[in-house]
Amino acid sequence: MNASAPARQGTGARQRSVLPGFSLAMGITLGYVGLVVLLPLAALSWRAAGLGLDDFWRIVSGPRAVASYLLTLRAAFFATILTVLYGLLMAWVLVRYRFPGRRLVDAAMDLPFALPTAVAGIALTALYAKNGWLGQPLADLGISVAYTQVGVSIAMAFVSVPFVVRTVQPVLEDLDPEVEEAARSLGATDWQVFARVILPAITPALMAGGSLAFARCLGEFGGVIFIAGNLPFKTEITALLIFIRLEEYDYPAAAAIALVVLASALAMLLVINTLQGLNRRWAEPRS
Amino acid sequence: MTALYRPGRSESPLARRMLIGLALAMTALMIGLPVVIVFEQAFAKGVAVYAASLTNPDTLHAMILTLIVAAVAVPVNIAFGIAAAWTIAKFDFPLKRLLVSIIELPFSVSPIVAGVSYLMMYGGQSPIGAWLEAHGISLMFQPAGIVLVTIFVTSPFVARELLPLMEAQGREEEEAAAVLGARGLAILWRVTLPNVRWALLYGAVLCAARAIGEFGAVSVVSGNVRGETNTLPLHIEVLYHDYNVVGAFAAATVLTLFALVGLLAQTILAMRMEAREGRNPTGAH
């Protein structure tokens, strides 16, 4: 992102830009960000803080809340594994091979972001229900997906597919073919080239994409609630518990649990930024 | 092999074919089938039932409200995106990276948390909400609240597409225009925006898609009143819980078509950007 010429005006006193509109554009930006983004998040924190530490802790560490955190984390974990494996396969095939329909498949990778989550939710539920196209054969194998934790993971994986594909694709594209060629000329097999040469180079991108996907899974609501069944202690994700507290008009409890989700999202953001920094450092020196 | 070396031509043909086959099969299962089943379920009871479901007054109202929300949120965030990208790309000031992180923050906030935050800010129990109510204005559980929270959720899309591009393009062209006597808006209109128009459109398409499809945040601040405060995604949930499966999927076909048109537009714009601006859009968001 830091593409603007470094230190172009860095001598002595700061030089005034010849371009107009700084204070106006800056004022709009700061005012907008403050009013639209920061103030509501502050209002949430303020309301949760109004509970006092004891009540806050009692709410966010209640058994139903803890069960929902554990389910959300576990389901997001498995969803991330699925989306990382699928994303790696898709990035690999799309970058390295040419086949009919490649452009279409490439565009389809963005579909989970383009498709409204409620549509994805009811479509996946219909697909994986006991009598559904995929649910029926799976039920014959003794696996039930809809209204179970497996279903939660499947829905989370669907909505987070593009993260891994789109993070790994550019790194695979930039890989230097000569390194691979050298490994091959020294007698490495296909698998050895992949495991020893290519995989280490794309690992930071895989981790960055995977953590973006994981963060999305933790906060997802619309894609999940239709397929989840939403049984407390079993298939109730944290986002839904917040919604239920709102419907009970228990606003302080909703605010408290929402603050936990917000704080964990900010922690994930920190992790993601670190991983993306690594990814960039890994990818750039070659150019 | 050496002269004709191309990456990806080196694996054994069998491995290559198997990987392509696996990728296509998994994509058909994971991404193709959910789209197909939307239409299958919507037409399960025939075209007449489908058409009747779509022209139901509550469904039509939900469509119109959804379009109104997007028609407000998208232009507002285009204006914000231009202002933010202009500020950050064309000037130097301290804490720039922090400002960028804050602009992108809504991408990391769960939609439910976004909705609850707006409820805590503008709901009747908050000081601001109480003050507004005393003046006869209520925002929550009204279309206005839906618009506000949609603006939050979609605020980074345009800025995030414009910013890296405008930073990469530098300031020389704008500075030249300024030295030649062009005023601010003329520089923006004649120099900056023509250089970034495809990225701007790309961001606007993403913004519109999200504004039309947003569910979690909107469901918190909507009163879920049929024919009044239901957007199309919310209306799908209502129909679905009424066991009106055809109705729910009929409404879903409309949103799916929007999504497919949006994807087509994204693909075309990405090709233009690659050709003209030499870079890909950000993709993941």
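Residues numbered from 1 in each chain as written. Chains lettered and ligands numbered in written order. Predicted model: local features only at pLDDT ≥ 70, side-chain atom pairs only at ≥ 80, totals over all residues.

Caption draft 1: Quick peek at the overall build of chain A. The helix and strand tally for chain A stands at 14 helices and zero strands. Of the regular secondary structure in chain A, the N- to C-terminal order runs α-α-α-α-α-α-α-α-α-α-α-α-α-α. Across its three principal directions, the C-alpha atoms of chain A cover 70 × 65 × 30 Å. A burial count over chain A gives 46% of its 287 residues as buried. A separation threshold of at least 6 residues defines the contact pool for chain A, and within that pool the share at least 24 residues apart is 77%. (Helix = DSSP H or I, 4+ residues; strand = E, 2+ residues; numbered from the N terminus. Buried ≥ 20, exposed ≤ 12 C-beta atoms within 10 Å, placed from the backbone. Contact = placed C-beta atoms within 7 Å.)

Caption draft 2: Just the overall build of chain B, in detail. In terms of regular secondary structure, chain B is built from 14 helices and zero strands. Reading the helices (α) and strands (β) of chain B from amino to carboxyl end gives α-α-α-α-α-α-α-α-α-α-α-α-α-α. Along the first, second and third principal axes, the C-alpha atoms of chain B reach 65 × 60 × 30 Å. A total of 285 residues make up chain B; the buried ones form 48% of that total.

Caption draft 3: Examining the interface of chain B and chain A more closely. Between chain B and chain A, the contact holds 84 residues from the first and 80 residues from the second. Ranked by residue count, the leading element in the side of chain B that touches chain A is helix 1 (residues 13–42) of chain B, at 16 residues. By residue class, the composition of the side of chain B that touches chain A is 53 nonpolar, 21 polar and 10 charged. (Nonpolar A, V, L, I, M, F, W, Y, C, P; charged D, E, K, R; others polar.)

Caption draft 4: Geometry of the packing of helix 3 (residues 63–96) of chain A against helix 9 (residues 161–174) of chain A. Residue and element names in this part refer to chain A. Relative to each other, helix 3 and helix 9 sit at 40°, their axes nearing to 8 Å. With respect to helix 9, the element helix 3 is oriented oblique. Handedness of the crossing formed by helix 3 with helix 9: right-handed. Only V161, V164, V165, V168, Q169, L172 and E173 of helix 9 make contact with helix 3, whose side of the interface consists of T83, V84, Y86, G87, L88, M90, A91, W92, L94 and V95. (Axes fitted to C-alpha atoms, helices over the stretch in contact; angles between N-to-C directions. Parallel < 35°, antiparallel > 145°, perpendicular 65-115°, else oblique. Left-handed = near helix turned anticlockwise from the far one by under 90°.)

Caption draft 5: Looking closely at the environment of E236 of chain A. All names here are of chain A. Within the secondary structure, E236 is located in the loop between helix 12 (222–228) and helix 13 (238–247). Taking the C-alpha atoms as reference, E236 lies 23 Å from L138; in sequence the two are 98 residues apart. Ignoring anything within four residues of it in the chain, the contact list for E236 reads S68, L71, N230, L231 and L241.

Caption draft 6: Representation of helix 11 (residues 197–213) of chain B. An ideal rise of 1.5 Å per residue puts 24 Å on 17 residues; helix 11 of chain B measures up with 24 Å between its terminal C-alpha atoms. Taken across its 17 residues, helix 11 of chain B has 15 buried, putting it largely inside the fold. (Expected span 1.5 Å × (residues − 1).)

Caption draft 7: Here's a closer look at the nonpolar core. Counting residues in each nonpolar core, the largest one holds 180 residues, and the members touching the most others are I122, I257 and A258 of chain A together with V116 and L162 of chain B. Other than its neighbours up to four places away in sequence, A258 of chain A contacts L44 and I242 of chain A together with I112, V113 and V116 of chain B. (Core = buried A, V, L, I, M, F, W, Y, C linked by C-beta atoms within 7 Å.)

Caption draft 8: Focus on the confidence of the model for chain B. Residues and elements named next belong to chain B. Considering every residue of chain B, the mean pLDDT works out to 90; 93% of them sit at 70 or more. Low pLDDT, under 50, characterises residues 1–5; the predicted model gives this stretch two contacts beyond four residues in sequence or across chains. For this predicted complex, the interface confidence score (ipTM) comes to 0.90, while the overall pTM stands at 0.90. (pLDDT = per-residue confidence, 0-100.)

Caption draft 9: Structural detail: unusual backbone geometry. Residue and element names in this part refer to chain B. At F141, a residue that is not glycine, the phi angle is positive and equals roughly 60°. Even without a glycine there, the phi angle at Y243 is positive, about 60°. Structurally, Y243 is set in the loop between helix 13 (232–241) and helix 14 (245–277).

Caption draft 10: Representation of the environment of Q136 of chain A in the model. Residues and elements named next belong to chain A. Positionally, Q136 belongs in helix 7 (residues 135–140). For Q136 and Y97, which are 39 residues apart along the polypeptide, the C-alpha to C-alpha distance reads 34 Å. Setting aside residues no more than four positions away along its own chain, Q136 makes contact with K130 and N131.

Caption draft 11: Summary view of the packing of helix 6 (residues 117–128) of chain A against helix 8 (residues 149–159) of chain A. Residue and element names in this part refer to chain A. At a minimum axis distance of 11 Å, the contact between helix 6 and helix 8 shows a crossing angle of 135°. One element, helix 6, and the other, helix 8, form an angle in the oblique class. The two elements helix 6 and helix 8 meet at a crossing, and its hand is right-handed. In this structure, helix 6 uses T117, A120, G121, L124 and Y128 to contact helix 8, whose residues at the interface are G151, I154, A155, F158 and V159. Taken together, the residues of the contact of helix 6 with helix 8 sort by class into seven nonpolar, three polar and no charged.

Caption draft 12: Expanded view of the environment of H61 of chain B. Within the secondary structure layout, H61 of chain B lies in helix 3 (residues 57–90). For H61 of chain B, a count of 18 C-beta atoms within 10 Å translates into the label partly exposed.

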